[in-house]
Amino acid sequence: MLIPMPSPPMGPPTEYVMRRRWLMLAILIVQTVSCLLRMVIILDILGGFIMGIGIAFGWYAYKQGMEIQFICSWGMMCLINGAFDLVRFIDHWVKSPLPLFSSEAPGSYNAASAILLVSPLAALAGSWLAWYIYKSYSDDAPAGGDWGAGGGGWGAGAATAGGNSERSRLLGCGGGFQPFEGGGQRLGSG
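Thresholds, definitions, all that
Residues numbered from 1 in each chain as written. Predicted model: local features only at pLDDT ≥ 70, side-chain atom pairs only at ≥ 80, totals over all residues. Heavy atoms only, no water. 1 Å grid on protein atoms, 1.4 Å probe; cavity = no way out; pocket = protein on both sides within 12 Å on 5 of 7 lines; lining within 4 Å. Points joined across faces, edges and corners; volume = space filled by probe spheres on them. Helix = DSSP H or I, 4+ residues; strand = E, 2+ residues; numbered from the N terminus. Nonpolar A, V, L, I, M, F, W, Y, C, P; charged D, E, K, R; others polar. Salt bridge = Lys/Arg side-chain N within 4 Å of Asp/Glu carboxyl O. Buried < 20%, exposed > 50% of the residue type's maximum accessible area, 1.4 Å probe, protein only.

## Focus: empty space enclosed by the protein
Consideration 1: All told, the structure shown has two cavities of 30 Å³ or more when counted by the stated rule.
Consideration 2: Of the volumes computed, that of the largest cavity is approximately 70 Å³.
Consideration 3: In this structure, the largest cavity is lined by Q31, I50, M51, G54, I55, M77, C78, N81 and A123.
Consideration 4: The set of elements that each furnish at least two residues to the lining of the largest cavity consists of α3 (45-63) and α4 (68-95).
Consideration 5: Class assignment for the residues of the lining of the largest cavity results in six nonpolar, three polar and no charged.
Consideration 6: Its boundaries defined by the atoms lining it, the second largest cavity holds a volume of some 60 Å³.

## Digging into the pattern of salt bridges
Consideration 1: This model, assessed by the stated rule, comprises five salt bridges.
Consideration 2: Its salt-bridge partner being R19, residue E15 comes within 3.2 Å of it at the nearest N-O pair. Here E15 and its partner R19 are both found in helix α1 (residues 15-19), four residues apart, which amounts to about one turn of the helix.
Consideration 3: A residue is classified by how much of its surface remains accessible, and E15, at 60% relative accessible area, is exposed.
Consideration 4: Classification of R19 by relative accessible area gives partly exposed; the value is 42%.
Consideration 5: When salt bridges that share partners are traced, they join R38, D44, D85 and R88 into one network.

Listed below in structure tokens is the structure:
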């Protein structure tokens with residue numbers, strides 16, 4: 001993706017993720033039906049195509065046993081698409097001379113209103129679920145390594161005094177490392 005994101009944790013799905021597998025399936029089904037209806041009834045081909053790309057990430061993650069990298073991509077696509085769909089829904093609601101649902105309006109108007117309402121709700125529900133799945137993975141990630149003793153963020157645990165991680169040694173927080181100490185080397189004097 002073009003949006004810089006920290007690398008998602010790797011490993012098998014957590015127990016929380018496996019308990020939420022049914023919810024992801026339900027959201028993906030609603031998103032898929034909403035996408036198809038959006039392209040057929042509203043004739044929003046481009047919006048449906050972009051929404052379909054995000055849904056494909058979700059289906060692939062689901063089929064691959066809740067693969068976190070694709071769940072994160074699905075969640076980002078859902079968040080962006082859900083925000084744009086919400087703005088489109090509000091625009092439709094404000095500019096329409098009729099109420100959102102009306103018995104005097106034709107059935108196609110009510111169907112279009114329902115699709116415009118369900119699309120952002122399903123997309124934002126997908127981003128919400130992807131966030132909690134990501135948090136479940138990152139909370140269960142092993143501590144240590146490049147992430148420091150805290151195991152969960154840029155420099156988490158690295159700035160603690162006396163830390164033994166590689167980052168804390170390089171930052172001079174532990175072990176007695178002093179920058180600019182020792183003899184220098186001149187180029188060409190060999």
